[in-house]
Amino acid sequence: MSLLKTIDTNPSFAPRESGPLPERLISGNPAFKTWAQDVARGETVHSGVWEATPGETRSIKGETFEFCHILSGLVELTPEGGEPVVYKAGDSFVMKPGFVGVWKTIETVRKIYVTVS
């Protein structure tokens, strides 16, 4: 098993399709696609590509740390009690455990993600 993993940003396999939990939907009708590509450390580390269509949802990280790198699209994240921050293609950010806020997809977004639980 190789300890080097390349994330395929345009995977050829079918994604897992989903939507927001009803209690987290704020506005719109966002649809999510996830191309999971690797799991490690006893299923506590996940990585892959995620895509969302426009809409607004409540983001609650709980105990999860998430690194994101935006490949395309435009999002606005507003931490609870904080100011909105806009991220676009080429930007990277981390949502630390305990993060609570609003994730607003302005233009369909595709990102690389790495989560650690």
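As recorded in an unreviewed UniProt entry, the chain goes by the name Cupin domain-containing protein, listed as coming from Rhizobium changzhiense.

**Remarks on the UniProt feature "domain: (S)-ureidoglycine aminohydrolase cupin" (unreviewed entry) in the chain**
With numbering aligned to this structure, UniProt lists the feature "domain: (S)-ureidoglycine aminohydrolase cupin" (unreviewed entry) at residues 41-113. Overall, residues 41-113 shows 0% helix and 70% strand. The separation of its end C-alpha atoms is 16 Å.

**Some thoughts on the nonpolar core**
Core analysis: the largest hydrophobic core is formed by 14 residues, its most contacted members being Trp50, Val75, Leu77, Phe93, Met95, Trp103 and Val109. Breaking this core down by element, the ones donating at least two residues are strand E4 (45-52), strand E6 (65-79), strand E8 (92-95) and strand E9 (100-116). With four residues, the single largest contributor to this core is E6. If we ignore the near neighbours within four places in the chain, the residues touching Phe93 are Glu66, Phe67, Cys68, Ile70, Leu77, Tyr87 and Trp103.

**Quick word on the packing of aromatic side chains**
Going through the model one piece at a time under the given rule, you end up with four aromatic pairs. With centroids separated by 4.1 Å and ring planes inclined at 25°, the aromatic side chains of Tyr87 and Phe93 adopt a geometry described as stacked. The buried category is assigned to Tyr87, whose relative accessible area is 18%. Residue Phe93 is classed as buried on the basis of its relative accessible area of 6%. An angle of 45° between the planes, with centres 6.2 Å apart, marks the rings of Phe93 and Trp103 as tilted. Of this pair, Phe93 sits in strand E8 while Trp103 sits in strand E9, and the two are 10 residues apart along the sequence. One exposure class covers both Phe93 and Trp103, and it is buried. Counting every residue linked through ring pairs, the aromatic cluster contains Phe32, Trp50, Tyr87, Phe93 and Trp103. Directly above the aromatic system of Trp50 lies the positively charged group of Lys111, at a separation of 4.7 Å from the ring centroid.

What counts and how
- Residues numbered from 1 in each chain as written.
- Predicted model: local features only at pLDDT ≥ 70, side-chain atom pairs only at ≥ 80, totals over all residues.
- Heavy atoms only, no water.
- UniProt positions renumbered as here; feature names shortened; annotations may be inferred.
- Helix = DSSP H or I, 4+ residues; strand = E, 2+ residues; numbered from the N terminus.
- Core = buried A, V, L, I, M, F, W, Y, C linked by side-chain atoms within 4.5 Å.
- Buried < 20%, exposed > 50% of the residue type's maximum accessible area, 1.4 Å probe, protein only.
- Contact = heavy atoms within 4.5 Å.
- Phe/Tyr/Trp six-rings, centres within 6.5 Å; stacked < 30°, edge-to-face > 60°.
- Lys NZ or Arg CZ within 6 Å of the ring centre and 35° of its normal.

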